Amino acid sequence: MGFLESIKSVFSTESAPEGHWVYVRCKRCGEVIKTRIDLQNSLSSTDSGDYVARKTLVGNQLCFERVEVTLHFNRNRQLVDQEIFNGEFISAEEFEAATG
Ligand SMILES: [Zn+2]
(Lines give C-alpha, C1' and ligand atoms only; values in the text may rest on other atoms or scores of the structure.)
Protein backbone atom coordinates (compact mmCIF):
# COMPACT_ATOMS: atom_id res chain seq x y z
CA MET A 1 0.00 0.00 0.00
CA GLY A 2 3.00 2.30 0.48
CA PHE A 3 1.68 3.55 3.81
CA LEU A 4 4.72 2.56 5.92
CA GLU A 5 7.09 3.87 3.29
CA SER A 6 5.45 7.28 3.37
CA ILE A 7 5.75 7.40 7.16
CA LYS A 8 9.45 6.54 6.94
CA SER A 9 10.09 9.32 4.47
CA VAL A 10 8.47 11.84 6.81
CA PHE A 11 10.75 10.90 9.68
CA SER A 12 13.99 10.50 7.75
CA THR A 13 16.48 13.22 8.61
CA GLU A 14 19.56 14.68 7.02
CA SER A 15 22.73 13.32 8.62
CA ALA A 16 25.18 15.80 7.10
CA PRO A 17 26.23 18.57 9.53
CA GLU A 18 24.81 21.89 8.38
CA GLY A 19 25.50 24.08 11.36
CA HIS A 20 27.97 24.44 14.21
CA TRP A 21 26.89 26.31 17.34
CA VAL A 22 29.42 28.54 19.08
CA TYR A 23 28.96 29.70 22.67
CA VAL A 24 31.14 32.50 24.07
CA ARG A 25 31.36 34.74 27.12
CA CYS A 26 32.31 38.39 26.68
CA LYS A 27 35.51 39.11 28.57
CA ARG A 28 34.46 42.64 29.43
CA CYS A 29 30.88 42.29 30.72
CA GLY A 30 30.45 38.52 31.11
CA GLU A 31 27.44 38.32 28.81
CA VAL A 32 27.06 34.98 27.06
CA ILE A 33 26.38 34.94 23.33
CA LYS A 34 25.68 32.09 20.96
CA THR A 35 25.80 31.99 17.20
CA ARG A 36 25.38 29.38 14.51
CA ILE A 37 28.04 28.87 11.87
CA ASP A 38 26.46 27.78 8.59
CA LEU A 39 28.75 24.96 7.46
CA GLN A 40 27.37 25.09 3.93
CA ASN A 41 27.66 28.82 3.25
CA SER A 42 29.83 30.53 5.89
CA LEU A 43 33.13 28.72 5.40
CA SER A 44 36.02 30.06 3.36
CA SER A 45 38.40 27.57 1.81
CA THR A 46 42.11 28.01 2.44
CA ASP A 47 45.14 27.24 0.29
CA SER A 48 45.62 23.91 2.09
CA GLY A 49 42.09 22.75 1.26
CA ASP A 50 40.74 23.30 4.77
CA TYR A 51 38.08 25.78 5.79
CA VAL A 52 37.99 28.77 8.08
CA ALA A 53 35.07 30.77 9.46
CA ARG A 54 35.29 34.16 11.16
CA LYS A 55 32.57 35.75 13.25
CA THR A 56 32.30 38.96 15.22
CA LEU A 57 29.84 38.70 18.11
CA VAL A 58 28.33 41.65 19.95
CA GLY A 59 25.96 41.14 22.86
CA ASN A 60 22.58 42.71 23.38
CA GLN A 61 23.56 44.49 26.56
CA LEU A 62 25.17 47.91 26.75
CA CYS A 63 28.65 46.69 26.02
CA PHE A 64 30.30 47.42 22.72
CA GLU A 65 33.10 44.87 23.01
CA ARG A 66 33.41 42.85 19.83
CA VAL A 67 34.20 39.19 20.47
CA GLU A 68 36.19 37.91 17.50
CA VAL A 69 35.96 34.19 16.80
CA THR A 70 37.96 32.22 14.24
CA LEU A 71 37.10 28.56 13.64
CA HIS A 72 39.20 26.12 11.64
CA PHE A 73 37.60 23.12 9.93
CA ASN A 74 39.16 20.25 8.02
CA ARG A 75 38.02 19.32 4.52
CA ASN A 76 35.26 17.18 6.06
CA ARG A 77 33.94 20.35 7.75
CA GLN A 78 34.82 19.05 11.21
CA LEU A 79 36.10 21.56 13.77
CA VAL A 80 39.83 21.13 14.41
CA ASP A 81 40.89 24.42 16.03
CA GLN A 82 39.36 27.63 17.35
CA GLU A 83 40.64 31.03 18.46
CA ILE A 84 38.91 33.86 20.30
CA PHE A 85 39.72 37.45 21.22
CA ASN A 86 37.96 39.57 23.86
CA GLY A 87 36.15 36.53 25.22
CA GLU A 88 36.26 32.84 26.05
CA PHE A 89 34.59 29.75 24.65
CA ILE A 90 32.01 28.11 26.90
CA SER A 91 29.96 24.93 26.57
CA ALA A 92 26.30 24.74 25.65
CA GLU A 93 25.62 23.71 29.25
CA GLU A 94 27.39 26.82 30.59
CA PHE A 95 25.41 28.97 28.17
CA GLU A 96 22.10 27.47 29.29
CA ALA A 97 23.09 27.89 32.95
CA ALA A 98 23.96 31.56 32.39
CA THR A 99 20.76 32.37 30.52
CA GLY A 100 18.49 30.40 32.80
ZN1 LIG B 1 30.36 42.57 26.71
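Here is what the cut-offs are and how they apply
- Residues numbered from 1 in each chain as written.
- Predicted model: local features only at pLDDT ≥ 70, side-chain atom pairs only at ≥ 80, totals over all residues.
- Heavy atoms only, no water.
- 1 Å grid on protein atoms, 1.4 Å probe; cavity = no way out; pocket = protein on both sides within 12 Å on 5 of 7 lines; lining within 4 Å.
- Points joined across faces, edges and corners; volume = space filled by probe spheres on them.
- pLDDT = per-residue confidence, 0-100.
- Helix = DSSP H or I, 4+ residues; strand = E, 2+ residues; numbered from the N terminus.
- Pairing = 2+ DSSP bridges.

## Observations concerning empty space enclosed by the protein
Reasoning step 1: The final tally for this structure, using the stated rule, is one cavity of 30 Å³ or more.
Reasoning step 2: Within this model, the largest cavity holds a volume of roughly 40 Å³.
Reasoning step 3: Every residue lining the largest cavity is listed: Cys26, Cys29, Glu31, Ile33, Leu57, Val58, Gly59, Cys63, Glu65 and Val67.

## Side note on the confidence of the model for the protein
Reasoning step 1: Taken residue by residue, the protein gives an average pLDDT of 87. The fraction at 70 or more is 83%.
Reasoning step 2: The element-level mean pLDDT for the protein is lowest in helix 1 (residues 3-11), coming to 57, with strand 7 (residues 87-89) highest at 98.

## Things to note about the sheet that holds strand 4 (residues 51-57)
Reasoning step 1: The antiparallel open sheet is built from four strands, whose spatial order is 3-4-5-6. This sheet does not close on itself; its edge strands, each paired only once, are strand 3 (44-45) and strand 6 (79-85).
Reasoning step 2: Taken together, the two bridges between strand 3 and strand 4 define a ladder with antiparallel strand orientation. Looking at strand 4, one finds that Ser44 is bridged to Val52.

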